[in-house]
Each structure stands twice: as structure tokens, then as C-alpha cells.
Amino acid sequence: MAARSAISPQIEPMKRYLLQFAHEHFDFRVQEIKSILSLIGCQATLKESDLNDGSPFMELELASDTVAKALMQRTVLSKRLYEFWEEGTSVSDVSTKIRQLPKDMIEPYTSESNSFRIVVETFNKKLSSGEKISRIEKLTETGSIFRGPINLNCPDYSFHLLEFYHNDATSQPASEPSKIYFGRWIADGQRARIQQYHLQKRHFIANTSMDACLSMVMANFGQIKDNDFVFDPFVGSGSLLVACAHYGAYVAGTDIDFLLLHAKAKPSRAKQKARSQDESVRSNLQQYGFESKYIDVLVADASHHKMWREGCQFDAIITDPPYGIRESAAKIANVQDAKVITLEEGAQRYPQKAQYQLGDIFKDLLNFAAKYLNKGGRLVYWLPIYKPDYQESNIPQHPCLEVESNCEQPLSTTISRRLITMVKIREFEGPESDREQKASIAVDHYQCETFRQKYFRATETETQEKKESDTLSSGKNHS
Amino acid sequence: MKLLTHNMLTSNIIKGVTKGFPLGITSTKVEVKEVDFNPAFVVKTLTKIDYPALYQAAKDIGYADGLPEKLEDNIKENEELLKKLHNALLQVEVIEGELVCPESGRKFPIANGIPNMLLQENEVENVAQ
């Protein structure tokens, strides 16, 4: 972009668009868009304040329809994108305004030879089909700009009337829309992928497999692209690798759980008695036609960085470390003066695993990323937190890594997890013993209590509170 | 386990080992699994690998046919060679075998195509946190 603007100083004219988000993972939505736009190298202006009152609609400016389509090719948290035509507070208001739009903007889509349809969609209110039809009639009545034939199934152009009704749960739902938009449909987002990659249909799952939507969000935050080499040090069943392979990356991972990688662990699905021989990360990639993207998985301890040759580099590290709730956080015990263990030929022995303090997991992960990421590459991982104690200084830091974003997914009233995205901004210059080159946590969230203790304390309190309020309300019902 | 992965691994995690690269490799079962040929990825990968180690590993398991001992600079244009390198890096897989630490002789078993790099407690280096 910079090189180009040097040749032609005038800024590319930007066009107005309207983005319709899905109604979930609120804290991630804008960040996903920003991450994709920076990946495809496009300038944009986002009107983030549009979302403040709970609206799923956000206005933005982009250079062209081509950019807009490229954006929608990746986002899983957006439903649709429209060319912005008009906004208003009533249908007649909008209808009047679109008649005054410049001819060169609308005529390519509204002439006699172009078939069209108008779709009415509302948010926070349901309309009867009669109400919808009356709106469409208002837009297409005499003097309307739409001169082509109506075609409901396969029109040349699709126009959307979008109504947002404010609803803050405390007061009565609004009867009048607070905003109405009118736009030309450009492209859908990738919501259908969530079904395509759904865990219910996944051959191999583990207890903590990441759902399809968040896996793809993570791949977008990691800016995964064709021919990247992506690594997951806590690979499990490889859900994150599936998402990364979808975006064209080659993938590899490690896990300390020998039984899981060898399909001998206890099954994660209800009613399943034993895992079948071919339950593997490879088979998960195979299921979607990504077998060519599979490099390897290894049974290994993620805290042993030196297992990797110096100079071997990954384009991204995307991972969901174990929190010690459903999967134990473990590494190989470091026993001083341990007896030499002699194994009989062919005997299988599992080394003793030690509790892996969560703070240490994250510091290890950052140290690993600082060394083995390409410069400019991204580390994307989840940090579980106990909300009442959380502060920004809990985020682990490393001199080679810069926090790009930090988005929260609430899991209960007191527990949430944060998706941390870091960019490697400078090369690691050892030695590893140098304190200046090491990851640190200003205030360790897990110092006094493990996350597990916090988690179960919170859950107990919540259950108790619920019981109390249940008793109270049932008492009320009886009185 | 693919030879690309072998090329990235060391046994430097064992107490007392200083370099641990390249790992020796023995195999009792090797399979060649077809992977889509992607010259861009092969070229990119070649900039990061240690070629002598790749050549030696391929030789050790008997799949070095047609691979040059040294890599010339103009590999990009040589599609035939790129295909051979593609085969060595991504298609040849050790299903059953062992990785061997060049310094201590410690063996890491490969079973079902998956290497096991876990150490016993007494082998782990004391790393000060």
C-alpha cells in the first residue's frame, strides 16, 4: 500500500458498506474483521460505535467490491455484507431517500434488464409476512427506482431492507425500529463452514476439542494463509489444525498424551466403548480432504523447546493449552537424583508427570514462540481467567512479542477465557538464560491459587447461590 | 514421521547432550504416501532445512535415490529435482522405527508413524525456570 501511494499520492476513493454480524462472540467480531483486512492488505474505516447499542450492523468503508468479497471469503463471525445505499428511521423515509441517490450509483443494478428481489430482515423483532410485503410494496410502488422484473429465487441483484429494534432486556422491547438500512447484497460470510466442520461430524474428538467456529476465528487471528507452516504444541485431536489447513497451511503438533495420539485413550463421545484404530489427527484432516497438509504429530513435552533444532521456524503457533479442568496440565517431572530406570526389552513405561503450573505453561509458550516463530508471525492462544481477579498485567509478556489483541469469551459469571494474539516483532537473540530475553508475567494470575482451585471455588459459589435463589423463588411461589 | 520432521528434531533435551543433531534414523517399516505436489512450499521449506541431514536420513532408510549430495542454487527451475525433494520431505514416512541420539545413543521409538520424544524423569535436564 505504501509503495503504491508513493506513485499516486491521491487516496483511493472509499465506498460505504454495511456488515451484518452474527449474534455471538461479541468481543471477537470487530477484531476478526481487522485481522482479515490487515492480512489481505486493505485500508478500511470501521464505524465501531454502531455496535454499541447491541446492533449487529456496522458501517464500514472499503476500497472496492473485490476487497469486500475477499473479506467475506474468510470471516466466520459475519453473516452478510451489503453495499450501503441508505439509512433512516422509517420505511417511507428510506424509500424517499433511495429515489434521490445518484443515477450512476444505482442504475447499473436497477435497469429494466436486471431482475431483482427485496429481502426484509429484522433484528429483535419478528414481522409477519404481511408486514414484510407491505414494506416491499412501499419500496417498489409507482415512481420506484426498481424497473427490472422481480425474481425471488435467482435474481441478478438482491436488495435488503434491514431493521434494527433496540432491546436492552430491562425495558419493553421497542415497537419502532431505531435504525433502518437499505443496501445491495455483495457477499455472505463463512457461517456455513461452522456446520461443515462441526465437531458432531468429526471423526476424532477429544475432551477439549475446540468448536469449529472458534477454531476458524483463531486461524483468522493468526492470519493463516496458503503455504504457511503452523504448529500447535498442545494438539489434542487437531481441531485448530483443521481450521488452519482450511486456509491453506501445512500443519504439525505435539501432545504429551501418548494414549490420545495413538487412539487408545478413553473415548470422548458418550456411549462409545473404545476408540477405533484410525482415530487420529491425520484422519481428521483426511476427512476434509486436507491430508496433503498434514506434516506430523509427535508425542512430546511442550516445555522441552530444545527438541526443535535452532533455526527451524513456524509461520504461526495456534494453540489451546490445558487449563487443568478437563485436561490435566502436565509435563515430565524433573526429579533430581532420580534413580536410573532400566527397562526390560519391549516394556512400556510412562514417565511420571508433574503438575505444570499454569503461569509456567504460558511463559514457556511465549519463550517458545519468541524463538521458533518467523518474524511477523503470530502466536494465538487462550488464557483462562477468574474474572474478579483479572487485570491486564496478568497477560504474559515477552520482549520479542507484542500483544495484538485480547478478546474475552465469558464462560460463566466469574470464569472466562481470553484469546490472546501476539506478533513477533523482533528476532530472538539468546542466550535463553538471559533474563532480558525471557517471558514474564507482571502479576501472575495463578500464583496463589491454581486456576483449577479458582474454577471450582467459583462453580461452588455459583451453585450455592443458584440453590439459594431457587429456594427463595420456590418459597415465593408457594406463598 | 516424515523426513521434514526428522530434520527439525534434536535430542538436545537429554541431560548432558549438547547438540543432539542430526538424529540417527532406523526403520523397519516405511511407506510412501502421496501428497499433492506444491513447488512453492517445497522451495520455501528448502530454505529452512539442513540439507546434509535430510540427505543422510533419506540414505539411512533407503530412499535417497536421485537426490543430489549437495543442493545447487537453481533448484527453483528444476521441477524434476523439486519433485524428488518433495518426495523425500513429505511423502516418505517412517511408520515403525527409531530415532537415535547421536551423542548418547538414546533411542526414541516411532510407532504407527508417531515418534515418541518423551524422556524419563532421570533423563530430563534441570532447567532453571
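Residues numbered from 1 in each chain as written. Chains lettered and ligands numbered in written order. Predicted model: local features only at pLDDT ≥ 70, side-chain atom pairs only at ≥ 80, totals over all residues. Heavy atoms only, no water.

### Remarks on the interface of chain A and chain B
Note on interface size: it is often stated as the accessible area lost on association of the parts. With 47 residues of chain A at the interface, the matching set in chain B holds 41 residues. In total, about 3800 Å² of surface goes out of reach between chain A and chain B, with carbon and sulfur atoms giving 53% of it. Across the contact surface, chain A and chain B share two salt bridges. When the shortest N-O distance is used, the salt bridge between R282 of chain A and E93 of chain B registers 2.5 Å. Remark: the boundary between chain A and chain B carries 17 residue pairs in polar contact (both at pLDDT 80 or more). Residue assignment for the side of chain A that touches chain B shows that the elements contributing at least two residues are α10 (258-261), β10 (294-299), β11 (314-319), β12 (330-332) and α12 (358-372) of chain A. No other element matches the six residues that β10 of chain A contributes to the side of chain A that touches chain B. (Contact = heavy atoms within 4.5 Å. Buried area = accessible area lost by both parts, 1.4 Å probe. Salt bridge = Lys/Arg side-chain N within 4 Å of Asp/Glu carboxyl O. Polar contact = N/O pair within 3.5 Å; in protein donor to acceptor, adjacent residues only side chain to side chain. Helix = DSSP H or I, 4+ residues; strand = E, 2+ residues; numbered from the N terminus.)

### What to know about the packing of helix α8 (residues 212-221) of chain A against helix α9 (residues 239-246) of chain A
To characterise two packed helices, one gives the angle between the axes of the helices and the distance between these axes. Residues and elements named next belong to chain A. With their axes 8 Å apart at the nearest point, α8 and α9 run at an angle of 55° to one another. Considering the angle they form, α8 stands oblique to α9. Taken as a pair, α8 and α9 cross one another with a handedness that is right-handed. Residues S215, M216, M218 and A219 of α8 pack against S239, L240, A243, C244 and H246 of α9. For the contact of α8 with α9, a count of residues per class yields six nonpolar, three polar and no charged. (Axes fitted to C-alpha atoms, helices over the stretch in contact; angles between N-to-C directions. Parallel < 35°, antiparallel > 145°, perpendicular 65-115°, else oblique. Left-handed = near helix turned anticlockwise from the far one by under 90°. Nonpolar A, V, L, I, M, F, W, Y, C, P; charged D, E, K, R; others polar.)

### Some details on the packing of helix α4 (residues 91-99) of chain A against helix α6 (residues 129-140) of chain A
All names here are of chain A. For the pair α4 and α6, interaxial distance at closest approach is 9 Å and the crossing angle is 30°. Relative to α6, α4 is oriented roughly parallel. For α4 against α6, the interelement crossing comes out right-handed. Only R135, K138 and L139 of α6 make contact with α4, whose side of the interface consists of V91, S92, S95, I98 and R99. Within the contact of α4 with α6, the residues separate by chemical class into three nonpolar, two polar and three charged.

### Considering the domain arrangement of chain A
Residues and elements named next belong to chain A. You can read the domains of chain A as domain 1 (15-190) and domain 2 (194-458). Distance between the C-alpha centres of domain 1 and domain 2: 39 Å. On the side of domain 2, 21 residues touch domain 1, which itself brings 15 residues to the contact. Both faces combined, the contact of domain 1 with domain 2 buries some 1500 Å², and carbon together with sulfur accounts for 59% of it. Viewed at the interface, domain 2 and domain 1 are joined by zero salt bridges. Counting across the interface, domain 1 meets domain 2 through nine residue pairs in polar contact (both at pLDDT 80 or more). Of the residues contributing to the side of domain 1 that touches domain 2, the split by class is five nonpolar, six polar and four charged. (Domains from an automatic or database assignment.)

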